[in-house]
Amino acid sequence: MGYYAKVINGTVEEVIVADQDFINTLPEEEDWKACIELTGNGFVYDYTDQAFYPPQPWPSWTLNKTLREYEPPVPFPDDFSLMAYHWDEDNLQFLRTNI
């Protein structure tokens, strides 16, 4: 058993758990990719790198293909893991969230 993602136009539309034998019975026009890493609906499949990437959270964030995650245009605050922050896309900064 393994995880397989149905990819349509480079976007993951569905993830299932199945045997390769079952995947082999599906119509050839359906594009199912084996998932080794965490993948979910809305993820992007890069056919060149043969890798899944999460959806881009904000237009200003850039994909780090090595880490397979998006990075903000400014560093995370030093106390990011201790305090609650949210991203302000208009001003390209993290703002502390009042809880």
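Draft legend 1. Representation of a nonpolar patch on the surface within the structure. A cluster of nonpolar residues, M1, Y3 and V17, forms a patch on the protein surface that exposes about 380 Å² of accessible area. Following the sequence through the fold, M1 ends up in the segment before β1 (2–8).

Draft legend 2. Quick look at the pairing of strand β9 (residues 93–96). Bridge count between strand β8 (residues 85–88) and β9: four bridges; the pairing is antiparallel. Counterpart to D88 in the pairing with β9 is Q93. Linkage of β8 to β9, two consecutive antiparallel strands, is achieved through a turn of four residues, within which L92 is found at a positive phi near 50°.

Draft legend 3. Highlighting the pattern of salt bridges. What the rule picks out here adds up to six salt bridges. Two residues, E30 and K6, come together in a salt bridge whose shortest N-O distance is 3.9 Å. In this pair, E30 is assigned in the loop between α1 (20–24) and β3 (32–35) and K6 in strand β1, connecting sequence segments 24 residues apart. D79 is the salt-bridge partner of R96, the closest N and O atoms lying 2.9 Å from each other. Remark: D79 occurs in the loop between β7 (69–71) and β8 and R96 occurs in strand β9; sequence separation between them is 17 residues. When its relative accessible area of 46% is taken as the criterion, R96 is described as partly exposed. Connected through salt bridges with shared partners, the residues D46, D49 and K65 form a single ionic network.

Scoring rules and cut-offs
Residues numbered from 1 in each chain as written. Predicted model: local features only at pLDDT ≥ 70, side-chain atom pairs only at ≥ 80, totals over all residues. Heavy atoms only, no water. Patch = residues over 30% accessible without salt bridge, like charges linked within 9 Å, V, L, I, M, F, W, Y side chains within 5 Å. Areas by Shrake-Rupley, 256 points an atom, 1.4 Å probe, with all protein chains shown as cover. Salt bridge = Lys/Arg side-chain N within 4 Å of Asp/Glu carboxyl O. Helix = DSSP H or I, 4+ residues; strand = E, 2+ residues; numbered from the N terminus. Pairing = 2+ DSSP bridges. Buried < 20%, exposed > 50% of the residue type's maximum accessible area, 1.4 Å probe, protein only.

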